[in-house]
Structure formats: C-alpha cells, structure tokens
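# Fold and geometry: a report
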Amino acid sequence: MRAIGKTHIGKQRIINQDCFICLNKAAQTIIAVADGMGGHNAGEVASKIAADNIDEYFSESPTADFMERPEHVESLILEINKKIHDEAEFSDHYAGMGTTLTLCVADGKIANIYHVGDSRAYLINESITQITKDHSLVQFLIDQGQLTRQEAENHPRKNVITRALGTDEDIEIDCFTIILSNNDKLLLCSDGLTNMVKTDEILEIVKTHPICDAVDMLVDAANENGGTDNITVVIAEMEADE
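This is a predicted model, so every value here is computed, not measured.

### Concerning the overall build of the chain
When helices and strands are counted, the chain shows eight helices and eleven strands. Relative to a compact globule of 242 residues, whose C-alpha radius of gyration would be 18 Å, the chain shows 17 Å and is just as compact. Expressed as lengths along the three principal axes of its C-alpha atoms, the size of the chain is roughly 50 × 40 × 35 Å. Classification of the 242 residues of the chain by burial places 52% in the buried group.

Written out as structure tokens, the structure is:
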C-alpha cells in the first residue's frame, strides 16, 4: 500500500494537537491518527505520546507480530493509555489530558483497525463506508433514538467524546478486520475534517484524485468551510499488483 498524510492547525486554533503516522515495514503499512484534548498544550502531549509509542513499536518489533498477533497491538494501546493517564495523574499541568486513536495495520489485502474516540476510518472505492463508530455523546444519543443524524450535526455538545486514551485507567478498544480489493483506499482522519466537509464531498475528492492531491484538497476544503479545528488526513491505497 501507498500512504500519505497531512496535518494542519486550521484557522481558529493556536496549537495543533493532532498527530499522525505513516509507516511502511516490509509488506506492512501502518497508519494512525491521534487527536489530542486537554488544556494548554496537554492534548498535544497526549497525541504525541501515542504517535511516538506507535512509531517505536512498529519500527522495532518483528514484522510477523503485526498481523499474526493482533493482541500485541491491543496491548500496545493499553500501555499507551496507561502512560498518558499516569502523566496526567502526576502533573497538574496535564490533568485531564487524553487523545483519540484510530490505528490501521495492513498486510496485503487484510487490514486490522483499532479505534478509541471520534477520529474515523473510512473505506473508499466507488462508495464511502465508515468503518469506525464515534465514541461521542451525540453518537450515544443517536443510538438511543434521542437524536437524529441531522440534529447531531449542530448539537451544542457535538465535540464531547465518551472514550479516549488517558482519561481512565482502563479503556475498551474497538477492533475491526476488513478485506481490501485492488484500488481500495483507507481514509483515517480527525473530526477537524468530518465536521467541516460532507461525506459525499470527501468521497468525490478521494475517488477522483491521486492520494497525494486528495490529502491536500481535503485539508483545503476543511479550511475553506471554516477550519474550526485541527485537521488531519491520512490516505492509504491498495495498488493493483498487491
């Protein structure tokens, strides 16, 4: 797979609390998006802890572990959760910090996706399918039948997330395995994209442009629509000979 990513501060924030990973090792591709939260620069610290630990793990671990032992990746995420939580507990400056994490490990036509928070993973071909489900207040209210998707778009507590790395000692990780076909694309992004750009526009951009152009165009579209948050986009593409 080929992968490319970009992060941008947006138009209204004074610091970028997003991080991303694009890493290739042998036949594996590892991509991730982490969207930090917390006062001052605490969110930036939390997302960087996640990104740095992911980069270190996948750079140094045996390749076979990536797909054959998904429980190792889950253990890694639990360790990252503990590191962020401990840092927040021991420092008043970082109290309450946390980060979302959407991580994809792909090998050939199989992709394992690990998810905590409201950053998203999409599968894109001729259509767009959201793989992950947001761990957010509005998604909970939608699931309970108390809110429609249309109402959720402008809900005053739209940005409240119900699950993040570092906010609790224990964390539940959503895990997905998907089968990829030639020319399928995986999009990972922070909510700075999805809150600003409609799904059908995301599909049209990714479907009709090379991924190097699509990443720039998605970030530009989010900024053109207001850029109210940090924006991070990572796209990986299955190539025909894989």
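After that view, the rundown keeps rolling.
### With respect to a negative patch on the surface
Negative charge collects at one region of the surface, where D200, E201, E204, D220 and E224 lie side by side. For the negative patch, the secondary-structure elements that each account for two or more residues are α7 (199-208) and α8 (211-224). In terms of residue count, the dominant contributor to the negative patch is α7 (three residues). Along the chain, E224 turns up in helix α8.

### Focus on the environment of G10
Mapped onto the secondary structure, G10 falls in the loop between β1 (2-8) and β2 (18-25). Classification of G10 as buried rests on a relative accessible area of 10%.

### Structural notes on the sheet that holds strand β11 (residues 231-237)
As summarised here, the arrangement of the five strands in space is β1-β11-β10-β7-β8, forming an open sheet in which the pairing is antiparallel. Each of the sheet's edge strands pairs with one partner strand only, and the pair in question is β1 and β8 (128-130). Looking at each pair of strands side by side, their axes are set apart by 20° on average, direction ignored. Note: strand β7 (residues 120-124) against strand β10 (residues 185-189), five bridges, orientation antiparallel. By the bridge assignment for β10, Y122 is matched with L187.

### As for helix α1 (residues 42-60)
End to end, α1 covers 27 Å across 19 residues, agreeing with the expected 27 Å (1.5 Å per residue, within 8%). Listed as buried for α1 are A42, G43, V45, A46, S47, I49, A50, A51, N53, I54, Y57 and F58.

### Points about the pairing of β2
Strand direction decides the pairing type here: β2 and strand β3 (residues 28-37), joined by eight bridges, are antiparallel. Note on β3: the bridge partner recorded for N24 is T29. Between the end of β2 and the start of β3, which pair antiparallel, lie two residues, with A26 showing a positive phi angle near 55°.

### Here we look at the state of the cysteines
Where two cysteines share a covalent bond between their sulfur atoms, that bond is called a disulfide. Across all of its chains, the model carries zero disulfides by this definition. Here C104 stays free of any disulfide, with the sulfur of C22 as its closest cysteine sulfur at 11 Å. Note on C189: no disulfide assigned, nearest cysteine sulfur contributed by C104 at a separation of 13 Å. On the basis of relative accessible area, C189 is assigned to the buried category, the value being 1%.

### Side note on the side chain of N223
When you line up the elements, N223 lands in helix α8. Relative accessible area serves as the criterion here: at 9%, N223 is assigned to the buried category. Ignoring any residue separated from it by four or fewer positions in sequence, one finds N223 in contact with H8, G10, K11 and I231.

### A look at the pattern of salt bridges
Pairs may arise between side chains of opposite charge once their charged atoms sit close together. Counted according to the given criterion, the structure contains eight salt bridges. In this structure, E172 engages R163 in a salt bridge whose closest nitrogen and oxygen atoms are separated by 3.9 Å. Taken together, the shared-partner salt bridges in this structure form one network comprising R163, E172 and D174.

### Overview of the side chain of T102
One can find T102 in strand β5 (residues 101-107). A polar atom in the side chain of T102 sits 3.1 Å from the side chain of H115. Look past the residues within four positions of T102 in its chain and what remains in contact with it is I31, A32, V33, I113, Y114, H115, S119, R120, A121, T132 and L188.

### Let's talk about the nonpolar core
General note: in soluble globular proteins, nonpolar side chains tend to be found buried as a group. Formed by 33 residues in total, the largest nonpolar core has its most connected members in I54, F58, M97 and L103. Within the residue set of this core, elements represented by two or more residues are β2, β3, α1, α2 (65-68), α3 (70-90), β5 and β6 (110-116). Considering each element in turn, this core owes the most residues, nine residues, to α1. Contacts of F58, omitting those with residues within four sequence positions, involve L23, K25, I30, F66, V73, L76, L103 and V105.

Calculation notes
- Residues numbered from 1 in each chain as written.
- Predicted model: local features only at pLDDT ≥ 70, side-chain atom pairs only at ≥ 80, totals over all residues.
- Heavy atoms only, no water.
- Helix = DSSP H or I, 4+ residues; strand = E, 2+ residues; numbered from the N terminus.
- Rg over C-alpha atoms; globule rule 2.2 N^0.38 Å.
- Buried < 20%, exposed > 50% of the residue type's maximum accessible area, 1.4 Å probe, protein only.
- Patch = residues over 30% accessible without salt bridge, like charges linked within 9 Å, V, L, I, M, F, W, Y side chains within 5 Å.
- Areas by Shrake-Rupley, 256 points an atom, 1.4 Å probe, with all protein chains shown as cover.
- Salt bridge = Lys/Arg side-chain N within 4 Å of Asp/Glu carboxyl O.
- Lys, Arg positive; Asp, Glu negative; His and termini not counted.
- Charge placed at Lys NZ, Arg CZ, Asp CG, Glu CD.
- Pairing = 2+ DSSP bridges.
- Axes fitted to C-alpha atoms, helices over the stretch in contact; angles between N-to-C directions.
- Expected span 1.5 Å × (residues − 1).
- Disulfide = S-S within 2.5 Å.
- Contact = heavy atoms within 4.5 Å.
- Polar contact = N/O pair within 3.5 Å; in protein donor to acceptor, adjacent residues only side chain to side chain.
- Core = buried A, V, L, I, M, F, W, Y, C linked by side-chain atoms within 4.5 Å.

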